[in-house]
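Overview (structure and organization)
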Amino acid sequence: MASEKELRIKITANSAQFLNAVKGVNSSLGSLISTVGRFQMSAVGVVAGISSVAAGLAKIIKSTADYGDEIYNTSQKIGISVEALSGLQYAAGLANIEHATLTIGIKKLSTAVVESSKELKSLGFTQSELGNLKTDELLLKLADRFRQMEDGAGKTALAVKLFGRSGIELIPLLNEGSAGIKKMTDEAKAFGLVIDEKAAKAADDFNDNLDLVICDQDNQANQKNHLKIKVQDNLRAIAVYL
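Residues numbered from 1 in each chain as written. Predicted model: local features only at pLDDT ≥ 70, side-chain atom pairs only at ≥ 80, totals over all residues. Heavy atoms only, no water.

The phi angle at Asn96 is positive, at roughly 60°, despite the residue not being glycine. Counting through the fold element by element, Asn96 comes out in the loop between α4 (82-94) and α5 (99-114). Note on Asn96: relative accessible area 59%, which makes it exposed. (Helix = DSSP H or I, 4+ residues; strand = E, 2+ residues; numbered from the N terminus. Buried < 20%, exposed > 50% of the residue type's maximum accessible area, 1.4 Å probe, protein only.)

Right, dumping it as structure tokens:
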């Protein structure tokens, strides 16, 4: 019987490949929008036709695009590269840590660096070192410190100080140390689960273009409803006259 880890890998192993496919689909969506605008075609009919031909594939691509879109936007918000964030999310998932928990923790850590927290200094980090380290690099160094510490109230308190309310949940990941985390992120790369900036940006563009198609679809639907109401009103007027 397949383990939970094996099942997770089987389910998600093709994500990066689908993100590459998203790049091509994104280009096609751009052409679709242009065509709808140029010929005033019904977006309802266009979207319905696409759905009837490849509904299953569309769902998979959309789901993967949402993942890439989320990674792209989150990486900008918390100041970490797309590649590093996607690898860390995989590692966090193996430790049963939610993506939101990891994101909040990294954001809090970035704040601690900016504020030069006494907790970081107490762990031996100099101001110069903190200024030169990327957030994911600092996280790995912190993991080595946490791995050497005994579990207990002091360790928990330090995790909360550095990572906010996510600190407690992140301890199992930190306890792996830099070598353990790197092993998991390397595994993610081997399975094609680490995506780059270009692929994530393509996913973001894909969703933006899809939103434009849906918006156009809604606008045309509203126009049809408005015309239907006008026709009904005219028929009632004629009926009253007769």
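This next bit is on the confidence of the model for the protein. Taken as a whole, the protein shows an average pLDDT of 74; of its residues, 62% reach a score of 70 or greater. The lowest-confidence element of the protein is helix α1 (residues 4-12), averaging 46 in pLDDT; the highest-confidence one is helix α10 (residues 167-174), averaging 96. Across residues 35-41, confidence stays below pLDDT 50; counting only partners more than four residues off in sequence or on other chains, it has seven contacts. (pLDDT = per-residue confidence, 0-100. Contact = heavy atoms within 4.5 Å.)

A few words now on the packing of aromatic side chains. Tallied over the full model, the rule gives zero aromatic pairs. Above the face of the Phe125 ring, Arg145 is positioned so that its terminal group lies 4.4 Å from the ring centre. (Phe/Tyr/Trp six-rings, centres within 6.5 Å; stacked < 30°, edge-to-face > 60°. Lys NZ or Arg CZ within 6 Å of the ring centre and 35° of its normal.)

Our next topic: the pattern of salt bridges. By the definition in use, this model includes two salt bridges. Here Asp186 ties to Lys182 by a salt bridge, and the two come within 3.0 Å at their closest N and O atoms. Taken together, the residues Asp186 and Lys182, both in helix α11 (residues 177-190) and four residues apart, mark about one turn of the helix. (Salt bridge = Lys/Arg side-chain N within 4 Å of Asp/Glu carboxyl O.)

Now for the nonpolar core. Core analysis: the largest hydrophobic core is formed by 38 residues, its most contacted members being Leu120, Leu142, Leu162, Phe163 and Leu173. With six residues, α4 is the single largest residue contributor to this core. If near-sequence neighbours (up to four positions away) are discounted, Leu142 is found in contact with Leu109, Leu120, Leu123, Phe125, Leu162 and Phe163. (Core = buried A, V, L, I, M, F, W, Y, C linked by side-chain atoms within 4.5 Å.)

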